[in-house]
Amino acid sequence: MKMADALLTPAARQTTALGMEQLRADFPILDIKVGDNPLVYLDNAASSQMPQAVIDRLVRYQKTQHANIHRAVHHLSDLATQEYESARRKLQRFIGAHEDREVIFTSGTTDSINLVMHGYGRKFIESGDEIILTALEHHSNIVPWQMLAEEKGAHIRVVPINDAGELLVDEYEKLFNPRTRFVGLSHVSNALGSINPVKRMIATAHQHGVPVLIDGAQAAPHMKIDVQDLDCDFYAFSAHKMCGPTGVGILYGKARLLESMQPFKGGGDMITSVSFEKTTYNEIPYKFEAGTPPIAAVIGFGAAIDYLEQIGLDAIAAYEHELLVYASERIRQIPGVKIVGDCPDKVAVISFVMDGIHPHDVGTLLNQDGIAVRTGHHCAQPIMQRFRVAATSRASFSFYNTKKEIDALVEGIRSVQKVFAQ
Amino acid sequence: MSQKSIYQEVILDHNRKPRNYGSLHSPTHHATGHNPLCGDRIDLDINMINGHIEEIAFQGESCAICKASSSMMTNAVKGKTSQEAESLIQEFREMLVNGEEKDLDHLGRLKVLAGVRDLPTRVKCAILPWHTLHAAMNSADSATTEADNHANELVANTH
């Protein structure tokens, strides 16, 4: 059967539990045990697992296609270059970009954001200018802008959130003034899972002539992204959160903007000619891809995109939403447990706190039952401060998770409470 | 739950009813300890009189392992000289970092925390109060688990 069948409709899955079993069999790591317990992997927002198809693609590349790209005239170099550029076109199609040269391979979302900060921010943002960020940002979409603000004497303005973890869009609109130069905005909050109304917020920024960077690290694995429909100026995400390898991600940027920017890193491949008197930079995207990139990882990223598209992003979104609804209902029923950021428009992420029990203890005890959750501040300390907690426990789901695993989580949470009730 | 769980009765009891919890009116020594990994934070007050720890109190937000370790530490060092306390800090750290089985008897009840060494990501939680004690006695204002190279070797750093 086709993998997509496993996720297509709830009815189809009920008639055949086999569908999900076959899909899970694509992920060898899901079979491991933690101590005596089967692994229940609920830390997908930190990093997702890799299907056999992607592992095989990495091995095939390394065994039969590897050489450096954009360099030599020999067979392998040509082949590796073709495969690398083919991955770029896959990413272009995946996000609906107008041209493939608008897709830059980076080492991941953090690198992509730093590229925009150095390439755009350092060139165009000046003393007294303002940058708008939101209270939901990951540290990676805060710290680069703080560094820029400090260097230039610019100011950061922050869009607040409400108790449900939703951005206050009216407040956002009030932050614009003639000194506003840039907006950095997460599509989905990594700590809470809230989906932000980015399309509307981008339109607002554009009315003021301000470009917008979307941090899509937590969105791209879970929903169809169309950068032309969103009309975002930049969009960034990482492969390892969407069944691909670590060490690679992309920055999408509108060609006109990318061309106006200064390079980020200097080196080979990003130049057309070099002399000690004058160096001419290469065209985009190569202007921003200095040095030998992680070629195998890029090609693996392409294979991960193939895998996700075979299942279908709409099917993934629908199934994961079902998991979210089920898990939220079950966790809300446990006395002494509170979901942080319980808004309706979320991806399948549940951040929670337990009365009198620190998240670190929750994580250690759940691990003893084989359940992997993330505990801590999730690299989003401003969110923790907003909700007046030092940390939360976060269960984040993928399309290969099951309701049975959610039951195990609920059982695990009850066991934690029993230990602390001793 | 695993039989080897660190969450034994003694630790849960100290977590629920921490000893020497609170602050001193006018401490001679004070330090704040912080573990950036999980946000644990403790404030430690000491009254040192004639080189002895006459009074000690701690408070803060932390996980059960950190709170139990703090509570048991304050019991263990009360009345001791700063030199005795320093050598206890050293021995406690060796128990968790080097995992040396030799002769833990003089650590007394603190031995129940030895199991934390099987949880590398939690070693810092148990060590934080001891760092803070060291910082307080040496009149540093703050301590962080990030300064402990030995613990860092065991603990995966994040962020």
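First things first, this report covers the structure right here in the doc. Note that this is a predicted model, so its numbers are computed, not measured.

Here's the deal with the pattern of salt bridges
All names here are of chain A.
In step 1: For the structure on display, the rule yields 28 salt bridges over all chains.
In step 2: In this structure, Lys-199 engages Asp-229 in a salt bridge whose closest nitrogen and oxygen atoms are separated by 3.0 Å. Linking Lys-199 in helix α9 (residues 198-207) with Asp-229 in helix α10 (residues 227-230), this pair joins segments that are 30 residues apart in sequence.
In step 3: By relative accessible area, which is 43% here, Lys-199 ends up partly exposed.
In step 4: According to the relative accessible area criterion, Asp-229 is partly exposed, its value standing at 41%.
In step 5: Connected through salt bridges with shared partners, the residues Glu-85, Arg-88 and Glu-289 form a single ionic network.

Details of the interface of chain B and chain A
In step 1: Opposite the 22 residues of chain B that make contact, chain A presents 18 residues.
In step 2: When the two sides are added together, the surface that chain B and chain A hide from each other amounts to roughly 1700 Å², 58% of it contributed by carbon and sulfur.
In step 3: At the boundary of chain B and chain A, one finds one salt bridge.
In step 4: Arg-122 of chain B is paired through a salt bridge with Asp-361 of chain A; the nearest N and O atoms lie 3.0 Å apart.
In step 5: There are six residue pairs in polar contact (both at pLDDT 80 or more) connecting chain B and chain A.
In step 6: Of all the elements in the fold, those that place two or more residues in the side of chain B that touches chain A are α1 (9-16) and α2 (64-77) of chain B.
In step 7: Take the side of chain B that touches chain A: its biggest share by element is three residues, from α1 of chain B.
In step 8: Counted by class, the side of chain B that touches chain A contains 12 nonpolar, six polar and four charged residues.

Some words on the side chain of Thr-32 of chain B
Residues and elements named next belong to chain B.
In step 1: The residue Thr-32 is located in strand β1 (residues 29-35) in this model.
In step 2: At a separation of 3.4 Å, a polar atom in the side chain of Thr-32 contacts the side chain of His-30.
In step 3: Here the side chain of Thr-32 touches Asp-43 through a polar contact of 2.6 Å, side chain to side chain.

What counts and what doesn't
- Residues numbered from 1 in each chain as written.
- Chains lettered and ligands numbered in written order.
- Predicted model: local features only at pLDDT ≥ 70, side-chain atom pairs only at ≥ 80, totals over all residues.
- Heavy atoms only, no water.
- Salt bridge = Lys/Arg side-chain N within 4 Å of Asp/Glu carboxyl O.
- Helix = DSSP H or I, 4+ residues; strand = E, 2+ residues; numbered from the N terminus.
- Buried < 20%, exposed > 50% of the residue type's maximum accessible area, 1.4 Å probe, protein only.
- Contact = heavy atoms within 4.5 Å.
- Buried area = accessible area lost by both parts, 1.4 Å probe.
- Polar contact = N/O pair within 3.5 Å; in protein donor to acceptor, adjacent residues only side chain to side chain.
- Nonpolar A, V, L, I, M, F, W, Y, C, P; charged D, E, K, R; others polar.

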